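Below, each chain spelled out in residue letters.
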Amino acid sequence: MRRTLKYPNLQKTDPEIAAFNRLEEERQFWYADFIASENYASPAVREASASVNTNKYSEGYPGARYYKGSDIAIDPVEILAQKRALALFALDEDTWGANVQPASGSEANFAVYGALLKQKNHPENEDVALGMRLDFGGHLTHGFHVSFSGKFFHFEQYGLDENEIIDYDQVEKLAETWKPKLIVCGASAYSRIIDFERFGGIAKKHGALLMADIAHIAGLIAGGVHPSPFPHCDIVTTTTHKTLRGPRGAIIFARKDILLVPPNSKDNKAKSLFQLINQAVFPGLQGGPHNQQTEAIAVCLKEASTPEFRAYVKCIVKNSQALAQSLQKYGFRIISAGTDNHLMLLDLRAFDVTGEDASEWLYRAGIVTNKNAIPNDPRPPRLASGIRLGTPAATTRGMGTREMKQFARWIYEIMQDHSEQNLQKIKGQVRALCQKFPPPGFN
Ligand SMILES: *Cc1c(COP(=O)(O)O)cnc(C)c1O
């Protein structure tokens with residue numbers, strides 16, 4: 001048996017919680033994680049996110065805080081995080097700014113909407129935004145009616161064409177009809193390259209601002225295996241905990257050279273897009289920044305700028321394509337017929353299995369995934385007809401294309417026979433494989 005990490009202080013104060021930590025650590029070690037939005041942060045990132053910086057209040061921004069005591073470490077660390085964020089995506093500090101304070105991807109998106117859009121039923125006419133439909137691969141915060149994004153703001157939604165590729169013609173038509181203030185591109189369950197240039201052209205033609213939400217693919221862009229949105233966008237939001245392999249958190253990039261009068265402005269004074277975003281994050285949406293997370297973001301950005309990280313993201317895509325091709329050989333239909341990135345969406349209808357059942361059986365066999373709606377899904381989201389698979393976490397463990405082919409086989413075998421006996425047999429094999437590929441810092 002392996003030795004688990006120790007939590008000596010926690011063990012003393014709260015053994016009940018310490019026990020859960022050990023159990024979770026075991027789970028993360030012995031199960032194979034194919035959830036596309038998850039990853040294993042490095043021990044350095046985890047150390048940073050547990051640092052003494054959690055003790056500090058620092059509302060405001062470097063050099064302009066409401067609390068004394070930020071000069072020693074809090075300001076320099078936040079400035080480092082900003083600089084590293086800009087450098088990672090080769091951005092010029094005069095043209096772009098980076099806000100590293102949003103607690104999560106959803107907050108980052110809300111800050112952008114709050115900064116730019118007049119709400120629904122606004123007396124001076126609401127603004128319209130375009131976003132991708134959730135059930136076609138978009139995110140909740142891109143205007144889904146249950147999310148505050150769709151409740152408070154007028155979003156029109158675009159989807160996929162008959163080849164299950166983003167329907168750029170529909171985006172164009174919606175832009176023509178609605179004259180949106182903002183077009184949001186980016187997705188949570190889309191396996192193809194996003195044509196940011198095409199989006200940029202549409203936005204320019206119709207006078208809209210363009211925001212790319214690269215929460216899922218930020219690491220791939222940083223590592224050079226997906227085209228960059230920055231030449232075509234005004235705003236880019238990202239999480240830091242998915243392919244970027246950092247702590248939970250988010251970054252908003254915004255241009256400094258675009259001047260705008262904010263919605264609900266009293267004096268009609270124009271400000272730079274970046275200024276508007278900063279004000280929307282604080283004091284608009286959040287109070288004190290999570291300084292220990294800012295610190296961990298700085299660390300993950302340093303890690304992401306290394307040749308090792310570039311090699312890592314290349315492997316993610318290689319693994320993803322190997323897994324997709326193997327699954328296709330076993331008769332699974334992949335949405336859009338393949339993948340260019342770290343994830344894929346499986347259509348399980350040929351096996352007459354719901355996403356709910358498939359993800360449960362896989363979990364009992366040690367493979368962790370999530371059920372996912374497929375385009376035009378006949379089943380309700382609670383059941384769904386698909387599962388989403390991603391390779392970032394398995395690739396962090398050092399697994400390669402050989403292992404991906406093995407997982408494709410196991411997934412196929414589980415769809416054929418989900419008897420408890422077969423699930424247990426495969427679980428034993430998955431555990432044996434996981435033991436050979438410990439996540440970083442788990443030895
Ligand atoms: C994950 C994700 C987010 C939100 O991230 P949270 O940190 O979970 O709030 C936003 N947009 C997209 C496209 C995502 O995939």
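What you see as residue numbers is a count from 1 along each chain, following the sequence as written. Local features in this predicted model are restricted to residues whose pLDDT is 70 or higher, and side-chain atom pairs enter the listing and the counts only when it is 80 or higher, whereas totals over whole chains, interfaces and linings include all residues. With hydrogens and water stripped out, all remaining heavy atoms of the structure feed into the side-chain values.

Caption draft 1: Representation of the side chain of Asp 234 in the model. Numbering of helices and strands runs from the N terminus; a helix is a DSSP stretch of H or I covering at least four residues, while a strand is a stretch of E covering at least two. By the element assignment, Asp 234 lies in the loop between helix H9 (218–222) and strand E9 (235–239). The buried label applies to any residue whose accessible area, calculated with a 1.4 Å probe on protein chains only, is under 20% of its type's maximum; exposed applies above 50%, and partly exposed to all values in between. Charged-residue counts in this description rest on Lys and Arg as positive and Asp and Glu as negative, His and the chain ends being excluded. A carboxyl oxygen of Asp or Glu within 4 Å of a side-chain nitrogen of Lys or Arg is what we treat as a salt bridge. Arg 255 is the oppositely charged side chain nearest to the buried, salt-bridge-free Asp 234, at an N-O distance of 5.1 Å. Polar contacts here mean pairs of N or O atoms no more than 3.5 Å apart (in protein, one a potential hydrogen donor and the other a potential acceptor; neighbouring residues in sequence count only if both atoms are side-chain atoms). Only 2.8 Å separates the side chain of Asp 234 from the backbone nitrogen of Leu 210, close enough to count as a polar contact. Residues in contact with Asp 234, not counting those within four places in the same chain, are Trp 96, Ala 208, Leu 209, Leu 210, Phe 253, Ala 254, Arg 255, Ile 258 and Leu 273. In this description, contact between two residues means that some pair of their heavy atoms is separated by no more than 4.5 Å.

Caption draft 2: Broad picture of the sheet that holds strand E14 (residues 343–347). The four strands are arranged E13-E14-E17-E16 in an open sheet whose pairing can be described as antiparallel. Strands with a single pairing partner mark the edges of an open sheet, and in this sheet they are strand E13 (333–334) and strand E16 (370–372). The sheet contact formed by E16 and strand E17 (residues 386–390) spans three bridges and is antiparallel. Bridge pairing links Lys 371 to Ile 387 in E17. Strands E13, E14 and E17 of the sheet are contacted by helix H12 (residues 307–329), whose axis makes an angle of about 15 degrees with E14. Inter-axis angles, ranging from 0 to 180 degrees, are taken between N-to-C directions of lines fitted to C-alpha atoms, where helices are fitted over the stretch in contact. Its contacts with the sheet place helix H13 (residues 355–364) against E16 and E17, and it is angled at close to 45 degrees to E17. At least two DSSP bridges between two strands are needed for those strands to be called paired.

Caption draft 3: Spatial organisation of the nonpolar core. Among buried residues, the Ala, Val, Leu, Ile, Met, Phe, Trp, Tyr and Cys ones that are joined through side-chain atoms within 4.5 Å form a nonpolar core. Of all hydrophobic cores here, the largest spans 57 residues; its most connected members are Phe 89, Tyr 158, Ile 166, Ile 183, Phe 199, Ile 214 and Phe 253. Among the elements that take part in this core, helix H11 (residues 291–304) stands out by supplying six residues, more than any other. What counts as a domain boundary in this text is fixed by an automatic or database domain assignment. When residues of this core are assigned to domains, at least three map to each of domain 1 (52–303) and domain 2 (307–436). Ile 166 has contacts with Met 132, Tyr 158, Gly 159, Leu 160, Asp 161, Tyr 190, Ile 194 and Phe 199, leaving out every residue within four places of it along the chain. Formed by 35 residues, the second largest nonpolar core is a distinct cluster that contains Ile 367, Met 399, Cys 434 and Phe 437.

Caption draft 4: Spatial organisation of the domain arrangement of the protein chain. Domain parsing of the protein chain yields domain 1 (52–303) and domain 2 (307–436). Listed per partner, the contact involves 24 residues of domain 1 and 26 residues of domain 2. Between domain 1 and domain 2, roughly 2,100 Å² of surface is buried when both sides are summed, and carbon and sulfur atoms account for 56% of that area. Between the two partners, domain 1 and domain 2, sit two salt bridges. Residues Arg 192 and Asp 340 are paired through a salt bridge, measuring 2.8 Å at the closest nitrogen-oxygen approach. Between the two partners, domain 1 and domain 2, sit 14 residue pairs in polar contact (both at pLDDT 80 or more). Broken down by element, the side of domain 1 that touches domain 2 gets its largest block of residues, three residues, from H9. For this classification, the nonpolar set comprises Ala, Val, Leu, Ile, Met, Phe, Trp, Tyr, Cys and Pro, the charged set comprises Asp, Glu, Lys and Arg, and every other residue, Gly included, is treated as polar. Here the side of domain 1 that touches domain 2 is composed, by residue class, of 11 nonpolar, eight polar and five charged. By buried area we mean the combined loss of accessible area, with a 1.4 Å probe, across both parts when two parts are placed together.

Caption draft 5: Spatial organisation of the site of the ligand. If a single non-hydrogen atom of a residue is within 4 Å of a molecule or strand, that residue counts as near it. Lining the immediate environment of the ligand, one finds 13 residues, of which Ser 104, Ser 106, Ser 188, Asp 213 and Lys 242 sit closest. One of the side-chain nitrogen or oxygen atoms of His 241 is found 3.4 Å away from an oxygen atom of the ligand. Considering each element in turn, the shell around the ligand owes the most residues, three residues, to helix H5 (residues 105–116).

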